[in-house]
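# A look at the structure
What follows is each chain in one-letter form.
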Amino acid sequence: MVSVEGEGMAEESMTSWFWDTEVWLPPGYTWESLAQAEHFEYPRFLDIWTYPFAIAAAFIILRYFILTPYVFIPFALRTGLTNNSARPPLPNATLEKVFRKYRTRVPAEVILEGAKKEGLSERQVERWLRQKAASTRTTDVGKFLDCIWQAFYYTFYTIFGVVVLWDKPWLWDIRHCWYTFPEQSIDNDVWWYYMVALGFYWCMTLTHFIQHHRKDSTQMFIHHVLTILLMTFSWTCNLVRCGTLVLLVHECTDIPMLIAKITSLYKRQDLMDKFFVVFLLLWLATRTGFYPLWIMRSTLFEAHVILNWMYPVYYIFNGMLVALLVIHCIWTYFILRIVIRKLGNQEVQDIRSSSDYSAEDDDSVELKKES
């Protein structure tokens, strides 16, 4: 039997290995020297594992117990959106399993097998599956609630970000992200800027499984988790200044996209077209413009020159940013391919129904955007 003392030593050894200063910190620094420094305040690691959860709880209360019942739902109903869902079919355990596995794309042989097992005709099985799919589709009000909440947050957070960063030197000269690094204090407003974002993504992650199902729900869940990991990593290594710029150029893109989705629910195709164009231009400007040409150019080609040294975290951080750029390029390709194909066929409605900006049901093909 391993003694308690032996277990403690093993745990301490594992902790020391994971937080190896040669990996996490620039040459000449230790965790103790950074924590005890008097001329600047290094980010406190425990902050990101305490305050964001309190903020996430506040977001959950604000969304589900205040805004949704007293503001969003009354507004949606008064402006003509419907909240009626189709009646579900009679319970059938066999067909429930088939639906969970295939949803509306059930192979013919599976339908035939299910019909034989339940003593039904193939047409009856197909009708049951269609009725089940219709009953699980999110209502217009449900889609509205999801969009309006995110639009509310992203609008607030974008304005908040501009206010916080407007007087920060690294917004106007990105090289200030690297001057004096890592001896950079976290201003109170920057601290809140990070904590609020982390709180929001924890809120979206914790409530993911009670939100309405989308074809890209799994991808969005992964996106939220990766965002939390990237923010946690940048906070731990005091790459917060660069992190604030990444947040600024990413979060603003969601606003016109969400407004386009909301206008589509109200059948305002003219407004939806306009906001979609704004979204497309803003996406191209931020995700394929500012992000690689401004932020990544500095992290890849300026940081190591200014600092005159590199260490493992430098490569890890840049690897994460490159991976994010690859995701941007993939989704930009899909967006442009769909737009060009549909415009070439003069099927504007198909653009909307193939994208994530439409009010079509969750079983239609949706275009997911990544943040």
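Our subject is the structure listed above.
Because the structure is predicted, anything quoted here is derived from the model rather than measured.

### Side note on the packing of helix α13 (residues 254-265) against helix α14 (residues 269-301)
Two elements in contact, α13 and α14, have axes whose closest approach is 8 Å; the angle formed by their N-to-C orientations is 160°. By the angle between their axes, α13 is roughly antiparallel relative to α14. For the crossing formed where α13 meets α14, the hand is left-handed. In contact with Asp 254, Pro 256, Met 257, Ile 259, Ala 260, Thr 263 and Ser 264 of α13, α14 contributes Leu 271, Met 272, Phe 275, Phe 276, Val 278, Phe 279, Leu 282 and Arg 287. Here the residues of the contact of α13 with α14 sort into 11 nonpolar, two polar and two charged.

### Digging into unusual backbone geometry
Note that the residue after Phe 181, namely Pro 182, is joined by a cis bond; omega there is 5°. Relative to the helices and strands, Pro 182 resides in the loop between α9 (169-172) and α10 (188-206). Non-glycine residue Asn 238 carries a positive phi angle of around 60°. When you line up the elements, Asn 238 lands in the loop between α11 (217-236) and α12 (240-251).

### Concerning the nonpolar core
With 86 residues, the main nonpolar core has Phe 144, Tyr 291 and Ile 295 as its most contacted residues. Grouped together as the second largest cluster of nonpolar side chains are 11 residues, Leu 95, Ile 111, Val 125 and Leu 129 included.

### Examining the pattern of salt bridges
On inspection of all chains with the given rule, the structure shows nine salt bridges. Here Lys 132 makes a salt bridge to Glu 96, at a shortest N to O gap of 3.2 Å. Of this pair, Lys 132 sits in helix α7 (residues 122-136) while Glu 96 sits in helix α5 (residues 93-102); the two residues are 36 residues apart in sequence, bridging distant segments of the chain. Taking the relative accessible area as the measure of exposure, Lys 132 reaches 16% and is therefore buried.

### A short note on a nonpolar patch on the surface
On the surface, Phe 45, Leu 46, Trp 49, Phe 53 and Leu 206 cluster together into a nonpolar patch covering about 500 Å² of accessible area. With respect to the helices and strands, Trp 49 occurs in the loop between α3 (31-35) and α4 (51-78).

### Concerning the packing of aromatic side chains
By the definition in use, this model includes 38 aromatic pairs. Where Trp 19 meets Trp 31, the ring centres are 5.6 Å apart and the plane angle is 90°; that geometry is what we call edge-to-face. Here Trp 31 lies in helix α3 and Trp 19 lies in the loop between α1 (4-18) and α2 (21-24), a separation of 12 residues in the sequence. Owing to a relative accessible area of 24%, Trp 19 belongs among the partly exposed residues under this scheme. Measuring from ring centre to ring centre gives 6.3 Å for Phe 181 and Trp 309, while their planes differ by 40°; the resulting arrangement is tilted. Of the two residues, Phe 181 is situated in the loop between α9 and α10 and Trp 309 in the loop between α15 (303-307) and α16 (312-344); the sequence distance between them amounts to 128 residues.

### A word on the state of the cysteines
Covalently bonding the sulfur atom of one cysteine to the sulfur atom of another cysteine gives a disulfide. Using the criterion set out here, one finds zero disulfides in the structure. You can see Cys 242 has no disulfide; the closest cysteine sulfur is in Cys 177, sitting 5.3 Å from it. Cys 242 gets classed as buried once you look at its relative accessible area, which sits at 2%.

### Thoughts on the environment of Thr 139
Position of Thr 139 among the secondary structure elements: in the loop between α7 and α8 (140-165). Judged by relative accessible area, Thr 139 falls into the buried class, the value being 13%. Along the sequence, Thr 139 and Ser 85 sit 54 residues apart, while their C-alpha atoms lie 6.1 Å from each other. Apart from residues no more than four positions distant in its own chain, Thr 139 is found in contact with Thr 82, Asn 83, Asn 84 and Ser 85.

### Quick look at the packing of α4 against α8
Angle between the axes and distance between the axes: these two values describe a pair of packed helices. Interhelical geometry of α4 versus α8 gives an angle of 125° and a closest axis separation of 10 Å. Judged by the inter-axis angle, α4 sits oblique to α8. In this structure, the crossing between α4 and α8 has a hand that is right-handed. Counting all contacts with α4, which are made through Phe 59, Leu 62, Arg 63, Leu 67, Thr 68, Phe 72, Ile 73, Phe 75, Ala 76 and Leu 77, the residues of α8 involved are Val 141, Phe 144, Leu 145, Asp 146, Ile 148, Trp 149, Phe 152 and Tyr 153. Taken together, the residues of the contact of α4 with α8 break down into 15 nonpolar, one polar and two charged.

About the criteria used
- Throughout this document, residue positions are counted from 1 along each chain, in the order its sequence is written.
- Local features in this predicted model are restricted to residues whose pLDDT is 70 or higher, and side-chain atom pairs enter the listing and the counts only when it is 80 or higher, whereas totals over whole chains, interfaces and linings include all residues.
- The side-chain quantities take in all heavy atoms of the structure and omit both hydrogens and water.
- Axis definition: a line fitted to C-alpha atoms, over the contacting stretch in the case of helices. Angles run 0 to 180 degrees between N-to-C directions.
- Secondary structure follows DSSP: runs of H or I at least 4 residues long count as helices, runs of E at least 2 residues long count as strands, and numbering of each begins at the N terminus.
- Here roughly perpendicular refers to angles of 65 to 115 degrees, roughly parallel to angles under 35, roughly antiparallel to angles over 145, and oblique to all remaining angles.
- In this scheme, a crossing is called left-handed if the near helix is turned counterclockwise away from the far one by less than a right angle; it is called right-handed if the turn is clockwise.
- Whether two residues touch is decided by their heavy atoms; if any such pair falls within 4.5 Å, the residues are in contact.
- Three residue categories are used. Nonpolar comprises Ala, Val, Leu, Ile, Met, Phe, Trp, Tyr, Cys and Pro, charged comprises Asp, Glu, Lys and Arg, and polar comprises the others, including Gly.
- The criterion is simple. A nonpolar core is a set of buried Ala, Val, Leu, Ile, Met, Phe, Trp, Tyr and Cys residues joined through side-chain atoms within 4.5 Å.
- Accessibility here uses a 1.4 Å probe with only protein chains present; expressed as a share of the type maximum, an area under 20% marks a residue as buried, one over 50% as exposed, and anything in between as partly exposed.
- Between Lys or Arg on one side and Asp or Glu on the other, a salt bridge is scored when a side-chain nitrogen of the former is within 4 Å of a carboxyl oxygen of the latter.
- The patches described consist of residues with a relative accessible area above 30% and no salt bridge, like charges being joined within 9 Å and nonpolar side chains (Val, Leu, Ile, Met, Phe, Trp, Tyr) within 5 Å.
- To be clear on the numbers: accessible area is Shrake-Rupley with a 1.4 Å probe, and residue cover counts the displayed protein chains and nothing else.
- Pairing of aromatic rings covers Phe, Tyr and Trp, the last through its six-membered ring, and needs centres within 6.5 Å; plane angles under 30 degrees mean stacked, over 60 mean edge-to-face, and all others mean tilted.
- When two cysteine sulfur atoms lie within 2.5 Å, the pair is treated as a disulfide.

Everything listed is a geometric property; what it means functionally is a separate question.
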